[in-house]
Structures are given as C-alpha cells and as structure tokens.
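Structural characterization, general
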Amino acid sequence: MSQYDTPNSIAELQENIEEIQQQVDVVCQRIGRNPAEVRLLPVTKTLPAERVEQAYQLGFRCFGENKVLEAKGKYEALQHLPIHWILIGHLQSNKVKYVAKFIDEFHALDSIKLAEKLDHRLAQVQRILPVFIQVNTSNEQSKFGVKPAQALALIEQCQQFPQLKIIGLMTLAIHSQDPVEVRRCFQTLRLLRDEIQKTYPDIQRLSMGMSGDFEIAIEEGATDIRVGQAIFGARDLPDNYYWSEQ
Ligand SMILES: *Cc1c(COP(=O)(O)O)cnc(C)c1O
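A quick note: this is a predicted structure, and the numbers were derived from the prediction, not measured.

Side note on the overall build of the chain
Tallying secondary structure elements over the chain gives 10 helices and eight strands in all. Against the globule reference of 18 Å for 246 residues, the chain gives a C-alpha radius of gyration of 17 Å, in line with a compact fold. With the C-alpha coordinates aligned to their principal axes, the bounding extent of the chain is approximately 50 × 40 × 35 Å. Residue burial in the chain is summarised as follows: out of 246 residues, 51% are buried.

Considerations on the UniProt feature "domain: Alanine racemase N-terminal" (unreviewed entry) in the chain
UniProt records the feature "domain: Alanine racemase N-terminal" (unreviewed entry) for residues 17-235 in the present numbering. A distance of 17 Å separates the end C-alpha atoms of residues 17-235, which is 42% helix and 18% strand.

A look at a negative patch on the surface
On the surface, Asp 5, Glu 12, Glu 15, Glu 18 and Glu 19 cluster together to form a negatively charged patch. Positionally, Asp 5 belongs in the segment before helix 1 (10-31).

A word on unusual backbone geometry
Phi at Gln 126 takes a positive value of approximately 55°, unusual for a residue other than glycine. Among the secondary structure elements, Gln 126 is positioned in the loop between helix 5 (112-124) and strand 5 (129-134). Look at Gln 126 and you get exposed, because its relative accessible area is 72%. The residue Asn 139 is not glycine, and still its phi comes out positive at about 65°. Residue position: Asn 139 is located in the loop between strand 5 and helix 6 (151-158).

Calculation rules
- Residues numbered from 1 in each chain as written.
- Predicted model: local features only at pLDDT ≥ 70, side-chain atom pairs only at ≥ 80, totals over all residues.
- Heavy atoms only, no water.
- Helix = DSSP H or I, 4+ residues; strand = E, 2+ residues; numbered from the N terminus.
- Rg over C-alpha atoms; globule rule 2.2 N^0.38 Å.
- Buried < 20%, exposed > 50% of the residue type's maximum accessible area, 1.4 Å probe, protein only.
- UniProt positions renumbered as here; feature names shortened; annotations may be inferred.
- Patch = residues over 30% accessible without salt bridge, like charges linked within 9 Å, V, L, I, M, F, W, Y side chains within 5 Å.
- Areas by Shrake-Rupley, 256 points an atom, 1.4 Å probe, with all protein chains shown as cover.
- Salt bridge = Lys/Arg side-chain N within 4 Å of Asp/Glu carboxyl O.
- Lys, Arg positive; Asp, Glu negative; His and termini not counted.
- Charge placed at Lys NZ, Arg CZ, Asp CG, Glu CD.

Structural data, given as structure tokens:
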C-alpha cells in the first residue's frame, strides 16, 4: 500500500538516509541552491528510542517529534546522547513545562496565549527557545496554525517575550495529490516570510516539506524539511491521527 519500506538493518537505514540526502542534493543542484542550506530533520514519532539511537549513530543530532510526552520518554531514555529534541507538532498549554525542560526548538507556535505560557516557564529555567510560527497555508479545518494574515500580528505580540526567539515559519501543505496545490502552500509561506523579513530580518527559516513533498518544498525555499516515513518506513495510522488534539 505504501511506498515506504521499513529498514530491517542499520545498513538499510543508512541506505534510506543516503538516498534522501541525494535527492535533496539533486534538487538543490538543479535550482542552484546550496544543499548545506537545507537541514534534513528526521521525524521519529511512533518509533522507539532504539531507532533514534541508530539514526544518531549514523550522524543525526536533531530529531523531530510530534508530541511532547512521547518525546519526553525518548529524551529520558537517551540522556547519555547530546540530542537536540525538536517539537514539530501542536502543543497544549498544560504541557508547556516539558518543553521548557528539554525541547531545543519548537516549530508549531500558533497563539499568543501559548507564547506567554512558554515565555513564563522558560524564564524560570533561564532558557531561550528558538521557535517557528506555524501557519495554516491550506485553509483546512484539520490543520493547526495561524492564518497567513495573522502571522505578522502574532510575531509583533511575541516581541514582549524575551525567552522566545522567532527564527522562521512552519507549515504543513494541503492533503492533496495535486502538486500545484501543494506548491501553492509552500509559496504562500515563502512570500509571507519575505514580507515579515522587511520588519524582522532574523526571521529567515522555512520549515516545510515532508516525505511526500520535500522536493517541491526545497524548490520553494525550504530550509528545514521534516522527513519521517521516507527514512524509517511507513506508519500504520493516517496523519490526522497524529495531528489531532489529544
Ligand atoms: C509526522 C510529521 C512529519 C513527517 O511526515 P512523514 O510523512 O513521516 O515524512 C512532518 N511534520 C509533522 C508536523 C509531522 O507530524
């Protein structure tokens, strides 16, 4: 059913990683981008800590997780490794304390209320958190994120929070087989970033693109692609399961 096979050995895992990295390099070469500008972020949601450790041994230092409690279990199991844990999914404000404790980067900030709570907790532990604002570029009800027209206002309001360092924008493309519609989502995010940069030059990064659409995302300027299944194999459940509120 799925095109993504689960690697059965470290060698197969390494093959998958090299294949993806090569696809990244090819797209970059074709459009004249430096592949070093595109960070391949492995997404390890639903996978056990052992799998994360294998990927670590193959060279990755940053891992993307969708849910903070799941990430916490792996963080605790792998404390002996200098891993950067990156939360890429929606965060409920009652779980902000975990983020303050061990998350190194957050890609799904989408409300002023959440920003305020995060800032408060982070101040207590004297940490500064790099964050991306999640933007809903597809206009689908099922997706989190602010509307494109609201992003600048949220960023302005967040200037009062010294523990949050906004470094980019993040989006999930529309759930569609039509590459034109998918591309339109990534273009929306890039144009929005360009506009925001006029006021906030440090907001540069674009976290966009996953297993099925990272090549289009790179063409449209992605600096951080979040890839799970193409590296680690297909997941059993549809994405909406992981993206819904729990
Ligand atoms: C799971 C997930 C990804 C990766 O999706 P794949 O299909 O496994 O590449 C990217 N971004 C977010 C927010 C996710 O939850």
